[in-house]
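# Understanding the architecture of this molecule
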Amino acid sequence: MTVLLLGANHDTAAVAVRECLAIPEERIADTLRFLAPSTGELIAISTCNRTEFYAASTESERALRQFIYRHSDLDEGTLDHALYRLEGRDAVRHLLRVSCGLDSMIVGEPQILGQVRDALQLAQQAGSAGPVITALFQAALNAGKTARAVTGISRGALSVSQSAVDLAAHRLGSFEDRTAVVIGAGETGAIVAHNLRARGIGQLIIANRTLERARHLADDLHGEAITLDELPGAIARTDLVVAATGAPDAIVRVETVTAGGAVSASNPRLMIDIAVPRDIAPGVADLPGISLCDLDDLQELIQRNLRNRRDAAREIESDIEERTNTFLSWLAGHSSGRTIRDLYDHAERVRVDQVARALRRLSGLSEREREQLEIFSVQLTNALLHDPVSQIWDYDQGAANANAVRRLFGLDDNIVDDENAVERERRPGSAA
């Protein structure tokens, strides 16, 4: 028994290809139910950046490839350049790296851990998550949680809009009693506004060239909408200004700030310009009480956060290797479970028989001495079985070692291929 991964991600497939491969969330459970009779245990992760199938048998590959081409409506072979196939250790390590955020477009992005959890839940609903796949995904979830809790790989924004809010939080402290003006209601301005509201900003003002668009965003965030003509008055009562429009010329000039009054060192304001070209004229930085930051300041913060995440990623890799080995040892034992059970049963029969013989020869033993002999025989049996069982739990040689154990201990007349036997037992629709 092994783990098979077949999929494509942002590194191997362009957006157009990923769109063809993506499975809508509401269809994933039905897809798994459809495939499981042919594949056995199966889970699918499908996001905007990856579509991956994880199965507990290499025999599932043909059925998965046929489905992928049928689902994408592309000719067979045309996706081979985008698909990757990993097996065993490589497949397990890959999933753990995915769950920890190491395989994401943005290292450490937090959403993927929830997506891995959702994939497991959907497979459980579909009945395609057997013991191997469930154990694998639980190991991945534990790895992802530990990575985020211990190393902080998800800390520190790597996008300009999020970094602007991080910088503001660092400079201003708590947002609770602060007022912020976001200039621009487009995509970037909306991200900034949502982040400010999520971080607990006291009052939020959305300024835009068209009032209707400003109102649409402001209503969604329980904020206030104004036009650009109203900026002087709004800036006069604010602590933070974030400018993010696509205007060709500066929107906030020296006169824009001074027209509202109250420009002094005792009335400090932080202004962050993330527009290209810049929305805030450079001369504004010379006004008393004004602290102006631009994209250069944010890039320095982003690069520092990126370095911190890379350092965290190196810490995580060693933990992933250890967890990979732990899972593979469990898998080897699970695959050879019948041999381990048979070995212990055989040893127990021998032990009981030999203890009975000894007791017949030592009829004068007290009850206490008989108990001590029983305890000694159990401890001796377990000690003798430790090394053979450890060899069966070895992932790379476990199957071969299991067959050798069956021969050496005479567990049955025929060598049993535990791996194939367990696979057949676990496959949906197989005879119990």
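Up top is the structure.
Described in the following lines is the structure provided in the data block. (Residues numbered from 1 in each chain as written. Predicted model: local features only at pLDDT ≥ 70, side-chain atom pairs only at ≥ 80, totals over all residues. Heavy atoms only, no water.)

Let's shift gears to helix H6 (residues 131-151). Taking 1.5 Å as the rise per residue, H6 with 21 residues should run 30 Å; its terminal C-alpha atoms sit 30 Å apart, in good agreement. Turning to H6, its buried residues are Val132, Ile133, Leu136, Phe137, Ala139, Ala140, Leu141, Ala143, Gly144, Ala147, Arg148 and Thr151. (Helix = DSSP H or I, 4+ residues; strand = E, 2+ residues; numbered from the N terminus. Expected span 1.5 Å × (residues − 1). Buried < 20%, exposed > 50% of the residue type's maximum accessible area, 1.4 Å probe, protein only.)

So, on to empty space enclosed by the protein. Where empty space is left becomes clear once a probe the size of a water molecule has been rolled over the atoms. Counted by the stated rule, this structure contains two cavities of 30 Å³ or more. What the second largest cavity holds in volume is close to 30 Å³. In terms of lining residues, the second largest cavity is bounded by Leu6, Gly7, Ala8, Leu21, Thr51, Phe53, Ile68 and Leu83. Among the elements of the structure, strand S1 (4-9) and strand S3 (50-55) are those that each provide at least two residues to the lining of the second largest cavity. It is S1 that provides the largest number of residues to the lining of the second largest cavity, a total of three residues. Tallied by class, residues from the lining of the second largest cavity come to six nonpolar, two polar and no charged. (1 Å grid on protein atoms, 1.4 Å probe; cavity = no way out; pocket = protein on both sides within 12 Å on 5 of 7 lines; lining within 4 Å. Points joined across faces, edges and corners; volume = space filled by probe spheres on them. Nonpolar A, V, L, I, M, F, W, Y, C, P; charged D, E, K, R; others polar.)

Of all hydrophobic cores here, the largest spans 60 residues; its most connected members are Val3, Phe53, Tyr54, Leu136, Phe137 and Phe327. Apart from residues no more than four positions distant in its own chain, Tyr54 is found in contact with Leu4, Leu5, Glu41, Leu42, Ile43, Ile45, Ala91, His94, Leu95, Ile133, Leu136 and Phe137. One finds Ala169, Phe175, Ala190 and Leu240 within the second-largest nonpolar core, a separate group that totals 30 residues. (Core = buried A, V, L, I, M, F, W, Y, C linked by side-chain atoms within 4.5 Å. Contact = heavy atoms within 4.5 Å.)

Moving on: the layout of surface pockets. Here the second largest pocket defines a volume of roughly 250 Å³. Along the walls of the second largest pocket sit 17 residues, with Gly184, Asn208, Arg209, Thr245 and Gly246 positioned nearest its centre. Contributing elements (two or more residues each) for the lining of the second largest pocket: helix H8 (187-198) and strand S6 (203-208). It is H8 that provides the largest number of residues to the lining of the second largest pocket, a total of three residues. Taken together, the residues that form the lining of the second largest pocket break down as six nonpolar, eight polar and three charged.

So, about helix H2 (residues 25-39). Between its first and last C-alpha atoms H2 spans 20 Å; for 15 residues at 1.5 Å apiece the expected length is 21 Å, and the two agree. Of all the bends in H2, the greatest, near 25°, is centred on Arg33, and the proline Pro37 appears no more than four residues after it. The set of residues buried in H2 consists of Ile28, Ala29, Thr31, Leu32, Leu35, Ala36 and Thr39. For H2, the secondary structure elements touched by its buried residues are strand S2 (42-46), S3, helix H3 (61-72) and helix H5 (111-126). In the stretch just after H2, Gly40 is the one whose phi turns positive, near 80°. (Bend = angle between axes of the 7 residues up to and from the residue.)

With that settled, consider unusual backbone geometry. In the segment running from Val276 into Pro277, the intervening peptide bond is cis, with an omega of -5°. Assignment of secondary structure puts Pro277 in the loop between strand S9 (269-273) and strand S10 (290-293). The phi dihedral of Asp73 is positive, around 60°, even though this residue is not glycine. Examined against the element boundaries, Asp73 turns out to sit in the loop between H3 and strand S4 (84-87). The phi torsion at His222 lies on the positive side, around 55°, for a residue other than glycine.

Applying the stated criterion across every chain, the model contains 21 salt bridges. Residue Glu52 is joined to Arg50 by a salt bridge in which the shortest nitrogen-to-oxygen separation is 3.0 Å. Judged by relative accessible area, Arg50 falls into the buried class, the value being 3%. Residue Glu87 is joined to Arg85 by a salt bridge in which the shortest nitrogen-to-oxygen separation is 3.1 Å. The exposure class of Glu87 is partly exposed, given its relative accessible area of 37%. On the accessibility criterion, Arg85 (34% relative accessible area) is partly exposed. (Salt bridge = Lys/Arg side-chain N within 4 Å of Asp/Glu carboxyl O.)

Time to look at the sheet that holds S1. Reading across the sheet, the four strands line up as S2-S3-S1-S4 and stay open at both edges, with antiparallel pairing between neighbours. For this open sheet the edge positions go to S2 and S4, each flanked by a neighbour on one side alone. Averaged over all neighbouring strand pairs, the angle between strand axes comes to 15°, with direction disregarded. In the sheet, S2 pairs with S3 via five bridges, with the strands oriented antiparallel. When the bridges of S3 are listed, Ile45 appears paired with Glu52. Of the strands in this sheet, S2 and S3 are in contact with H2, which crosses S2 at around 145°. (Pairing = 2+ DSSP bridges. Axes fitted to C-alpha atoms, helices over the stretch in contact; angles between N-to-C directions.)

Let us now look at the sheet that holds S10. The sheet built from six strands is open, its strands ordered S7-S6-S5-S8-S9-S10 with parallel pairing. Looking along the sheet, the strands with just one partner apiece sit at the ends: strand S7 (224-227) and S10. When strand polarity is set aside, the average angle formed by the axes of neighbouring strands in this sheet is 20°. The pairing of S9 with S10 spans four bridges and is parallel. Each residue of the ladder has a partner; that of Ile272, found in S10, is Cys293.

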